[in-house]
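Fold and geometry: a report
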Amino acid sequence: MSTSQLQPDRTNISGAQIRQKFLDFYAAKGHQVLPSASLVPEDPTVLLTIAGMLPFKPIFLGQRPAEFAKAATSQKCIRTNDIENVGRTARHHTFFEMLGNFSFGDYFKEKAIAWAWELSTEVFGLPPERLVPSVFEEDDEAFAIWRDQIGIPPHRIQRMGADDNFWTSGPTGPCGPCSEIYYDFHPEQGDDSLDLEDDSRFIEFYNLVFMQYNRDNDGQLTPLQNQNIDTGLGLERMAQILQKVPNNYETDLIFPIIETTAEIVGLDYHTSDQSTKTSLKVIGDHVRAVAHLIADGVAASNIGRGYVLRRLIRRIVRHGRLLGIEGPFIDRVAATAITLSASAYPHLRERQDAVKTELQREESQFLKTIEKGEKLLADILAKKPKQISGQDAFTLYDTHGFPLELTEEIAQEHGLTVDVAGFEAEMEQQRQRGRDAHETIDLTVQGSLDKLAEQIHSTQFMGYTEATAQSKVEAVLADGEAVESAEAGTEVQIVLEQTPFYAESGGQIGDRGCLCSDTCWVRIEDVQKEGDIFVHFGWIEQGVLKPGDFVTAQIDQACRRRAQANHTATHLLQAALKQIVDNSISQAGSLVAFDRLRFDFNCPRPLTADELQQIEAQINAWIVEGHAAEVAVMPIDDAKAKGAIAMFGEKYGAEVRVMNFPGVSIELCGGTHVNNTAEIGLFKIISEAGVASGIRRIEAVAGPAVLTYLNLRDQVVRQLSDRFKAKPEELPERIANLQTDLKTAQKELEALKSELALVKSDRLLNQAEAVGTFNILVAQLEAVVPDALKTAAERLLQKLGEGAVLLGSTPAPDKVSLVAAFSPAVNQKGIQAGKFVGGIAKICGGGGGGRPNLAQAGGRDPGKLAEALEIARKELLDKLGSK
């Protein structure tokens, strides 16, 4: 298609048309149009896709050759660094689309600027007099192109500093100047003092990055052999300009979502006040983000990108409540967002059911959290405080997941404030506790190491290839203090010059073994790492140990082999999960011990029995196939380019160790592994369960630990077979029959208890008190379970006629059970069973409620039951006796 066929469209242009015109324009210029990459990037150092160029980063960094000389995309992106500004400014978003054209050593500044100008003025029809370009203050070449070839008056070309107009990939590497195009909403203000920082007048909509230099370690810039172009045009911003609306939210990309929300609430956006509009905008923005995140395989959790999703969903619920929406609604609004984006992102429609399911699950869970938190907050407010304390607000937040914003909102409704400073202080204490909990060495030991840091060199680890090493003792610590010597019977921490012992890291526990010499023998139980220093924790069994001594360090090779088998098995497990369940699955934590392994991963649902069987079979197949390990140390960017998986949250240096079992698994890992998968022997899954919302855990054994596990299982089966006089294969049926018999017996027992309760209750009829036309019965039945107590109360009320029955019992030494049954005439007096019995239950340290005519409650203090029943009796007599 030639550019002459792309006619300007100044009116009634949709966001979808803007996107397509951009892609068509650059396709006509020889660019390969590529689909958007996932919001879950391949780059393990980045949480989410935050820029249009991110999928091409390996090409720009020279890690991967380009398949095309020129490319164009519409890339979906998410950023949450300015989340508090969403809905409050005209242009801040969490989810946005970045239209980009890229050159990989093909064209450079001249064509990039000329084409950007042609697209803006001829295709999109923007008036040239409303466009203002900026350039890097030292980029005379770009300035000259804008002035001489495009024809922009020099005073309208703004030179800007490096903070605004110089792009870098990091402290070193490719970099270069930028040129940006701004749209002027108020050209009538003239050109005398153009201020591109004035958001009310200017909006930057197109950014051109000229990658022309490489910066070395000394900060020197040298020209790149292949100079690249990376551009970004904000789709929402261009839509605002062309559709002539006051902000991005009122474009056709977002406004239909806002309208759907407004319809649910029953209001009109345009006539709403500013705070209402803000909430509608937040929902409009966030719903797009959560729909795309879930479609790309992200599940809500408390870590990583799962936490981003959870936070966005909870903000949607929060703003829905500010609008007056009490129940679930997000999936209805998301349906509109999916319809708007389905043509550009077909997989969003394909994953619509998954999006709906995840939204409903997470929203429902949060609504329950809110309901529980509101009840707890009501108890706090009932004490008539002058202010909600920071400690109370923090307890609601930390223990029950109740947002601080909601606490503030409800407090405000009661004319109170929240001690936010106190809340933040509690939060900081929690963070400190978290930091302290992650220390792997006693603080006393760490303090001593800090003092010795200048004398102690980094420990050289030899354990990848050696099981034994001769080493010099650098330091000996006892009771947290450096000592000149330690003798038999002393618990010590030892630092060696070099060691074959693996120190706990990456989920793998430290090695065990011994240190020995002519003068001593030390049993090593654990090894931890403090910075680059390996600390050996042990017990001197014989002799005396001093700093400066030379010892033979010997690991327990049986334990090491078990750890190696389990660690490699975790890699195979992750690969199998990605292959069989979902390729988007990523690690959320792990434990590699001598006797077992544990692997946590993000997944919104339990795995089926069939999936677990397939995973186990696949891993054992890889073990039998005998895949040899390939280990290499390389720059981290090279490792990423090879597709190595990194653990999110782990910190990696410039050089990384890559553990590769070709065709099966490739990960960044510093742990110890088998040389060939065949060394594992066997893999067995023990259990699969949820450990947090969206996080599943598989526990398994591998290598020699499988035999231990199977022997234990065999022993249990033999014992059961002997006890039940049945063959192992007959045990499931025999146990099922016993369970059926037990359930039948339990039902019969409950029926007998209910009959006994009724017999006991009939004897209480003569204790009823008459108050006018009402009969009141408040009494205690000993050792009656709640269901039987309920049946008795209903029966007594039926026999008494109009009136009220309240029964109490202690079904267990630490439990109180209460039931209230009120007739309709009692309800008409304004007395409801649920509220009444709930108040009485508080006397016994409990609570409860139910319907106006029948309600149950419980407590934890049987010693207060008699007092509670007497109070209930007096209240009923008083309320029913009054006219």
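Residues numbered from 1 in each chain as written. Predicted model: local features only at pLDDT ≥ 70, side-chain atom pairs only at ≥ 80, totals over all residues. Heavy atoms only, no water.

Topic: the sheet that holds strand β29 (residues 803-812)
Backbone-to-backbone hydrogen bonds pair the strands of a sheet. The strands run either parallel or antiparallel. What counts is decided by this rule: Pairing between two strands requires that DSSP report at least two bridges joining them. Numbering of helices and strands runs from the N terminus, with a helix taken as a DSSP run of H or I at least four residues long and a strand as a DSSP run of E at least two residues long. Here, axes are lines fitted to C-alpha atoms. For helices the fit covers the stretch in contact, and angles between N-to-C directions go from 0 to 180 degrees.
As summarised here, the arrangement of the six strands in space is β27-β28-β29-β30-β32-β31, forming an open sheet in which the pairing is mixed. Single-partner strands in this sheet number two, and they are β27 (769-771) and β31 (847-850). Direction aside, the axes of adjacent strands within the sheet are offset by 15° on average. With six bridges connecting them, strand β28 (residues 774-780) and β29 associate as parallel partners.

Details of the sheet that holds strand β23 (residues 655-661)
Taken together, the three strands give an open sheet; going across it, the order is β22-β23-β24, and neighbouring strands pair in antiparallel fashion. Only two strands of the sheet have a single partner each, and these edge strands are β22 (630-635) and β24 (665-668). For this sheet, the mean angle separating the axes of adjacent strands, direction not counted, is 25°. For β23 and β24, the ladder comprises four bridges, and the chain directions are antiparallel.

Thoughts on the pattern of salt bridges
Rule in force here: When a carboxyl oxygen of Asp or Glu lies within 4 Å of a side-chain nitrogen of Lys or Arg, that pair is called a salt bridge.
The tally for this structure, following the rule as stated, stands at 32 salt bridges. Each of Arg310, Glu358, Arg361 and Glu362 takes part in a single network of salt bridges with overlapping partners.

Points about the nonpolar core
Stated formally: What is meant by a nonpolar core is a set of buried Ala, Val, Leu, Ile, Met, Phe, Trp, Tyr and Cys residues, joined one to another through side-chain atoms within 4.5 Å. Any residue under 20% of the maximum accessible area for its type is buried, any over 50% is exposed, and the rest in between are partly exposed; the area is computed with a 1.4 Å probe on protein chains only. It only takes one pair of heavy atoms within 4.5 Å for two residues to be counted as in contact.
Counting 105 residues, the largest nonpolar core has Trp146, Phe205 and Tyr206 as its most contacted members. In terms of residue count, the dominant contributor to this core is helix α8 (residues 274-295) (ten residues). Sequence-distant contacts of Trp146, that is, excluding residues within four places in its chain, are made with Ile113, Trp117, Pro133, Val135, Gly151, Ile152, Ile157, Ser179, Ile181 and Leu208. Listed in part, the 30 residues of the second largest apolar core include Leu572, Ile585, Cys603 and Met659.

A few points about the packing of aromatic side chains
Counted only if it meets this: Two rings from Phe, Tyr or Trp (for Trp, the six-membered ring) form a pair when their centres sit within 6.5 Å of each other. Planes less than 30 degrees apart are called stacked, planes more than 60 degrees apart edge-to-face, and all others tilted. When the NZ atom of lysine or the CZ atom of arginine is within 6 Å of a ring's centre and also within 35 degrees of its normal, the charge is said to sit over that ring.
The full count for this structure, using the stated rule, is 22 aromatic pairs. Considering the side-chain rings of Phe461 and Tyr502, the 6.0 Å spacing of their centres and the 70° angle between planes classify their relative orientation as edge-to-face. With Phe461 in strand β10 (residues 460-461) and Tyr502 in the loop between β15 (498-499) and β16 (513-516), this residue pair connects regions lying 41 residues apart in the sequence. Joined through ring pairs, the aromatic side chains of Phe22, Phe25, Tyr26, Tyr107, Trp115 and Tyr206 make up one cluster. Above the ring of Tyr464, the side-chain terminus of Arg657 is found at 3.6 Å from the ring centroid.

Considerations on the packing of helix α21 (residues 731-762) against helix α22 (residues 786-800)
Pairs of packed helices are described in terms of their axes, by the angle between the two and the distance that separates them. Rules: By definition in this entry, angles of less than 35 degrees are roughly parallel, angles greater than 145 are roughly antiparallel, angles of 65 to 115 are roughly perpendicular, and the rest are oblique. Crossing handedness is read from the near helix: turned anticlockwise from the far helix by less than a right angle, it gives a left-handed crossing, and turned clockwise, a right-handed one. Three categories are distinguished: nonpolar for Ala, Val, Leu, Ile, Met, Phe, Trp, Tyr, Cys and Pro, charged for Asp, Glu, Lys and Arg, and polar for the others, with Gly belonging to the last.
Contact geometry of α21 with α22 gives a least axis separation of 9 Å together with a crossing angle of 40°. Looking at the two axes, α21 sits oblique to α22. Where α21 crosses over α22, the two elements pack in a sense that is right-handed. Contacts between α21 and α22 pair Lys753, Ser754, Ala757, Leu758, Ser761 and Asp762 from the former with Ala788, Thr791, Ala792, Arg795, Leu796 and Lys799 from the latter. Broken down by class, the residue content of the contact of α21 with α22 amounts to five nonpolar, three polar and four charged.

With respect to the environment of Asn566
Just so we agree on the cut-off: We define a polar contact as two N or O atoms separated by no more than 3.5 Å, with the added condition that, inside protein, one atom must be a possible hydrogen donor and the other a possible acceptor, whereas residues neighbouring each other in sequence contribute only through side-chain atom pairs.
Within the secondary structure, Asn566 is located in helix α17 (residues 557-580). The spatial distance from the C-alpha of Asn566 to the C-alpha of Gln542 is 33 Å, given a sequence separation of 24 residues. Beyond its immediate stretch of four places on either side in the chain, Asn566 contacts Val592, Ala593, Phe594, Asp595, Arg596, Leu597, Val701 and Ala702. Side-chain polar atoms of Asn566 contact the backbone nitrogen of Ala702, separated by 3.1 Å.

As for a negative patch on the surface
Rules: Each patch is built from residues that are more than 30% exposed by relative accessible area and take part in no salt bridge. Like charges join if they lie within 9 Å; nonpolar side chains (Val, Leu, Ile, Met, Phe, Trp, Tyr) join within 5 Å. The protein chains shown are the only cover counted for residues, whose accessible areas, like all others here, come from Shrake-Rupley with a 1.4 Å probe. None of His or the chain ends enter the tally, which takes Lys and Arg as positive and Asp and Glu as negative. Lysine's charge is taken at NZ, arginine's at CZ, aspartate's at CG and glutamate's at CD.
Together, Asp163, Asp164, Asp195, Glu197 and Asp199 make up a negatively charged patch on the protein surface. Structurally, the position occupied by Asp164 is in helix α5 (residues 162-165). Classification of Asp164 by relative accessible area gives partly exposed; the value is 40%.

Quick notes on helix α3 (residues 109-123)
Convention followed: Helix span, expected: 1.5 Å multiplied by one less than the number of residues in the helix.
End to end, α3 covers 20 Å across 15 residues, agreeing with the expected 21 Å (1.5 Å per residue, within 8%). Judged by how many residues are buried, α3 sits mostly within the fold: eleven of 15 residues are covered. Those residues of α3 lying buried are Lys109, Ala112, Ile113, Trp115, Ala116, Trp117, Glu118, Leu119, Ser120, Thr121 and Val123. Those residues of α3 that are buried are in contact with α1 (15-28), β4 (131-136), α4 (140-150), β7 (173-184), β8 (202-215) and β9 (221-234). Count one or two residues on from α3 and you reach Gly125, which has phi positive near 70°.

Here we look at the pairing of β28
To be explicit about the condition: With the strands pointing away from the viewer, any crossover whose connection runs clockwise from the first strand over the helix to the second is right-handed.
Counting buried residues in β28 gives five out of seven residues, a clear majority hidden from the surface. As defined by bridge partners, β27 adjoins β28 across three bridges and the pair is classed as antiparallel. Within β28, the residue paired with Val771 across the bridge is Phe774. Crossover connection from β28 via α22 to parallel β29: handedness right-handed.

Quick look at the confidence of the model for the protein
Formally: In predicted models, pLDDT denotes the confidence assigned by the predictor to each residue on a 0 to 100 scale.
Per-chain confidence: the protein averages 88 in pLDDT, with 94% of residues scoring 70 or above. Within the protein, the lowest mean pLDDT, 49, falls on helix α16 (residues 443-452), and the highest, 97, falls on α3. For the stretch residues 1-11, pLDDT sits under 50, and the model shows 21 contacts to residues farther than four places along the chain or on other chains. Note that residues 434-447 has pLDDT below 50 and, in this model, 17 contacts with residues that lie over four places away or in other chains.

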